[in-house]
Amino acid sequence: MDHAGDEAILVIDVQNDFCPGGALAVPGGDEVVPRINRMVRNFPVRVFTQDWHPAGHGSFASAHPGHAPFDMVEMAYGPQVLWPDHCVQGTDGADFHEDLHVEPADMILRKGFRPEIDSYSAFFENDQTTPTGLEGYLRNRGVTHVTLAGLATDFCVAWSALDAARLGFGVTVRLSACRAIDLEGSLDAALADLRAAGVELEP
Ligand code: VGL
Ligand code: ZN
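Each value, and the rule that gives it
- Residues numbered from 1 in each chain as written.
- Chains lettered and ligands numbered in written order.
- Predicted model: local features only at pLDDT ≥ 70, side-chain atom pairs only at ≥ 80, totals over all residues.
- Heavy atoms only, no water.
- Near = heavy atom within 4 Å.
- Polar contact = N/O pair within 3.5 Å; in protein donor to acceptor, adjacent residues only side chain to side chain.
- Areas by Shrake-Rupley, 256 points an atom, 1.4 Å probe, with all protein chains shown as cover.
- Nonpolar A, V, L, I, M, F, W, Y, C, P; charged D, E, K, R; others polar.
- Helix = DSSP H or I, 4+ residues; strand = E, 2+ residues; numbered from the N terminus.
- Contact = heavy atoms within 4.5 Å.
- Buried < 20%, exposed > 50% of the residue type's maximum accessible area, 1.4 Å probe, protein only.
- Arc of directions from axis to C-beta.
- Pairing = 2+ DSSP bridges.
- Axes fitted to C-alpha atoms, helices over the stretch in contact; angles between N-to-C directions.

Describing the site of ligand 1
In the vicinity of ligand 1, the contacting residues are Asp13, Phe18, Leu24, Asp51, Trp83, His86, Tyr120, Leu151, Ala152, Phe155, Cys156 and Ile181. A distance of 3.1 Å separates a nitrogen atom of ligand 1 from a polar atom in the side chain of His86. When the free accessible area of ligand 1 is taken as 260 Å², the share hidden by the protein chains comes to 100%. Residue classes in the shell around ligand 1 are distributed as nine nonpolar, one polar and two charged.

A short note on the environment of Val102
Here Val102 shows up in the loop between strand E4 (78-81) and strand E5 (107-111). Spatially, the C-alpha atom of Val102 lies 9.6 Å from that of Val40, the residues being 62 residues apart in sequence. Discounting residues that sit within four places of it in the chain, Val102 has contacts with Phe48, Phe96 and Ile108.

So, helix H1 (residues 32-40)
Along H1, the residues that are buried comprise Val32, Val33, Ile36, Asn37, Met39 and Val40. The buried residues of H1 occupy an angular sector of 165° when projected down its axis, which confines them to one face. The inward-facing, buried residues of H1 contact strand E1 (7-12), strand E2 (45-51), strand E6 (145-151) and strand E7 (170-179).

As for the sheet that holds E2
Taken together, the six strands give an open sheet; going across it, the order is E5-E2-E1-E6-E7-E8, and neighbouring strands pair in parallel fashion. Each having just a single partner strand, E5 and strand E8 (200-202) make up the two edges of the open sheet. Sheet twist, expressed as the average angle between the axes of neighbouring strands with direction ignored, equals 25°. Where E2 meets E5, five bridges bridge the pair, whose relative direction is parallel. Directly across from Thr49, in E5, lies its bridge partner Leu109. Of the strands in this sheet, E1, E5, E6 and E7 touch helix H3 (residues 153-166), which is tilted by about 170° from E6.

If you want it as structure tokens, here you go:
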């Protein structure tokens, strides 16, 4: 399928730590790589994101004494899941999967670099007000529709898709090119939120 000049693909967080063997492995995470490699060439605008945390990041359970990974805590900006240390800046875990074709990327957007705020979405940090700059980039390039693929369906893909819809972009999520963490029903909840927001869910 060819896409018109106003369409972007957002490839979300296809990094070693989210693939089997990684620090926050998403089941089947590496299976998205060949699918995404095939999809990307059909889009005129291509943005890849990279989760990019400083050591000791506020979303890491290791930064909260007495807490374990996957606990919930209250941060200044609201509830936050605590994660195993992952995607630490400059580590192998933060690198893209080695089979992902990154050369076609027009833009690589790093997020989650502020020590005290997590950033699931490619558009806003988890306080839901601090922008990453992606909205301006896409609008400057005339983009009106975004298609999302990558990891994880129920966190960074879903939050990015919901923000894109809220900002007025047309939004499609390609589910066969995504994999989920599925923490206590988080996948079903995310899919319901996406449908309610008018996001098109494609196989
Ligand atoms: C993600 C949890 C923590 C993701 C990133 O890419 O979905 N999930 N950091
Ligand atoms: Zn993260």
